[in-house]
2 protein chains.
Amino acid sequence: MTSPLSTPGPTLGVVGGGQLGRMLGEAAGPLGIELIVLDPTPDCPASPVVRDQIVGEFDDEDAVRELAERSDFLTFEIELADPDLLERVETETGVPVHPSPDTLRTIQDKLVQKDALVDAGIPVPEYRAVDDAAELRAALDEFGTPAMVKAREGGYDGRGNAPIESPNDAESVLDSVAGPAMVEKFVDFERELSVIGVKGEGEIATFTTGENVHREEILRETIVPARAPEDVLERARSVARDVLELMDGRGVYGIELFETAESEILVNEIAPRPHNSGHWTIEGAVTCQFEQHVRAVTGRPLGSTEQRDPTVMTNILGDVEETQPAELHGLDTVFSTPRAALHWYGKRDVRPLRKMGHITLTDQGVNADGSAEDLDQLLARSRDLRDGVTFDKA
Amino acid sequence: MTSPLSTPGPTLGVVGGGQLGRMLGEAAGPLGIELIVLDPTPDCPASPVVRDQIVGEFDDEDAVRELAERSDFLTFEIELADPDLLERVETETGVPVHPSPDTLRTIQDKLVQKDALVDAGIPVPEYRAVDDAAELRAALDEFGTPAMVKAREGGYDGRGNAPIESPNDAESVLDSVAGPAMVEKFVDFERELSVIGVKGEGEIATFTTGENVHREEILRETIVPARAPEDVLERARSVARDVLELMDGRGVYGIELFETAESEILVNEIAPRPHNSGHWTIEGAVTCQFEQHVRAVTGRPLGSTEQRDPTVMTNILGDVEETQPAELHGLDTVFSTPRAALHWYGKRDVRPLRKMGHITLTDQGVNADGSAEDLDQLLARSRDLRDGVTFDKA
């Protein structure tokens, strides 16, 4: 049951203060919940919109303990959080951590994650642990090439993932991912889908299935609903519900899926936190993923996941050759476009392909000529908006 | 034109850090605009969600100057701001103030405000300045009773307003409002309406006309659209546009109107800032009044004012006999109701009838039995939600 609300409100301590922490802060304010974030970067993205930032590494024991002592609930917005430390601090201070550190531990290791999914009967692409080049070559014999070699831990936004084209490259590819690795059979997918799910106290909920467009392994756009048959959307949601049932601890989960050429749904990866492919929910759904995460972690009932309008989210990535102070040009068109919403992450420097913000465009329903707008058009307009902004002064 | 966006972003200095400042802060974050608020209450409502608070009185010259020196733009969220001081600081520092201090000055004095409207041909209730009891009695001879005596300056939420029933009460009623006063003819209104308008750089826009329900002169609910014929809604919007044309300086204006028994539209009062009757726009419109104000004041193009769904906003007021630390009970139902949104203002103490938060309910379109939900039902459900929360521990 929701405890009575007073001021200062319940405090949610968040390990990580990047854009996800910032958007958690933006969503928590109206609920009367205050945020403190722990992040090593002084004046991190979340900092200007939350109560306070503790400057420290994600695995700094004193800093995490201070965070717990100043909080009523703990969560994390980055998989680099340390599950052992969180578990220790939770036991010592009695401040609950959601999702559970054990879930974080399971998900951090992509091999353990996949094993857990398989044990629960959830479909995943074929995979195998590979400890050396001989094992990798043996797996390729079975899976064929190309295949995807993945570092078991620490990868994100494509880092730690390396496609392999030939058994001859086994040594070099294993070297490039560094550390314990696994290999996955190449999935000839029709679409990449994702479902944002949320697990509350005795309830689970899922948002509409989205379609993700990646390039260079980085998410570019999410289209919601995905341009797939209704039964595919529903099966994706059903698989996501199975994943949520399996997870231990409340919170939002981003569940990335493949829709195969045979319309089969396979789980690609799980993130135990709000996910880039769920940013569309801020404008596109009744209760956004960030508010849902805050509600879930603090023990409040979940909100409605109902979609309000067809929506496309497009990432604003660093379109520069090298790191430099960020200065985004060309925003007038974004501000002037009805139903376009800008989200700026507050990062000082732009780096090549760094996520700097995003633009959400919700459907107006009709074109200027009176005909109905479809998702392809909405996507094209979103891309035009995004292509109209640039960090590149040249 | 919108200047390039960098981090730290452009800073908006706000005189006042109450709930309006808080909601401005919540809306500014995604745009990459940072807020600093000036407010005499340490840890004021806006404080936990903005970059910084300067603790000082609204008319503290040093504090306002410091605010200007740390800001790129200045605005105010409370009419108690000092227009002379703002004008001086604007001239000295070159930091633009929006809306213009002169507009604030005009609006602060309800007599001057009414004179300006009449000069522009905008319909208002009959009114007259009254400097003493004899003048008040003379006006009542003409207007009849009841009538409304108003302090020309400083009133809000009904403070400074006093109904008068008989010429015999002229002395006592004038004493009760204190200071320069005016009297207005009683308007036999059908409905109280309001239109939230916004004036940008060379553009104006208005939101859907809302219907306000007051009790004890305090706003209880806003219903949008107002339950009035379409032509009344449009005429209210048209009058609001005339008001916006008259105002000097960019920003959001709350325009309260009477719809008379003869379907005439009269301007009651204008607020040169986001207004309680515009809180519904956060969930109910594409771009909310707070984002619009931030856009307008910082020189960005305005967003769409299109309404997304039928909406009712209901205020959570202090239901206590005396001031005490705020503790709001009964929130589970609010959180569990689809499309109900809570907004908590972060005030430490609750006082009788103090505005502590609000609940917005947007229409689901259909009742559980499949029939269409109408505004009366939406209003009834909103009132039930609000009546289910209480500060009263008894």
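None of these values were measured; they are calculated from a predicted model.

Participant: Could you give an account of empty space enclosed by the protein, naming the residues involved and the relevant values?
Facilitator: For the structure shown, the criterion picks out six cavities of 30 Å³ or more. Approximately 1,000 Å³ is the volume attributed to the largest cavity. Along the walls of the largest cavity sit 45 residues, with Ile282(A), Glu283(A), Cys288(A), Ile282(B) and Glu283(B) positioned nearest its centre. Within the lining of the largest cavity, the residues separate by chemical class into 22 nonpolar, eleven polar and twelve charged.

Participant: Run through the UniProt feature "binding site: ATP" (unreviewed entry) in chain A, naming residues and quoting values.
Facilitator: All names here are of chain A. The positions UniProt marks with the feature "binding site: ATP" (unreviewed entry) are Lys-110, Lys-150, Glu-184, Lys-185, Phe-186, Val-187, Glu-192, His-214, Asn-268 and Glu-269. If you trace the backbone, Lys-185 turns up in strand β8 (residues 181-185). Lys-185 gets classed as partly exposed once you look at its relative accessible area, which sits at 33%. Apart from residues no more than four positions distant in its own chain, Lys-185 is found in contact with Pro-125, Glu-126 and Phe-143.

Participant: Tell me about the domain arrangement of chain A, and please be specific about residues and values.
Facilitator: Segmenting chain A into domains produces domain 1 (11-97), domain 2 (126-185) and domain 3 (189-387). The C-alpha centroid of domain 2 of chain A is placed 34 Å from the C-alpha centroid of domain 1 of chain A.

Participant: So, helix α12 (residues 375-387) of chain B: which residues are in play, and what are the values?
Facilitator: Residues and elements named next belong to chain B. The first and last C-alpha atoms of α12 sit 18 Å apart over 13 residues, in line with the 18 Å expected at 1.5 Å per residue. Leu-375, Leu-378, Leu-379, Ser-382, Leu-385 and Arg-386 are the residues of α12 that are buried. Down the axis of α12, the buried side of the element spans an arc of 120°, and every buried residue falls inside it. Turned more than 90 degrees away from the buried face of α12 sit Asp-384 and Asp-387, all of them exposed. Lining the buried residues of α12 we find β12 (218-224), β15 (311-317), α11 (332-336), β17 (340-344) and β19 (355-362). Among the residues of α12, the N-terminal cap falls to Asp-374, whose side-chain oxygen and the backbone nitrogen of Asp-376 are separated by 3.2 Å.

Rules and cut-offs
Residues numbered from 1 in each chain as written. Chains lettered and ligands numbered in written order. Predicted model: local features only at pLDDT ≥ 70, side-chain atom pairs only at ≥ 80, totals over all residues. Heavy atoms only, no water. 1 Å grid on protein atoms, 1.4 Å probe; cavity = no way out; pocket = protein on both sides within 12 Å on 5 of 7 lines; lining within 4 Å. Points joined across faces, edges and corners; volume = space filled by probe spheres on them. Nonpolar A, V, L, I, M, F, W, Y, C, P; charged D, E, K, R; others polar. UniProt positions renumbered as here; feature names shortened; annotations may be inferred. Helix = DSSP H or I, 4+ residues; strand = E, 2+ residues; numbered from the N terminus. Buried < 20%, exposed > 50% of the residue type's maximum accessible area, 1.4 Å probe, protein only. Contact = heavy atoms within 4.5 Å. Domains from an automatic or database assignment. Expected span 1.5 Å × (residues − 1). Arc of directions from axis to C-beta. Polar contact = N/O pair within 3.5 Å; in protein donor to acceptor, adjacent residues only side chain to side chain.

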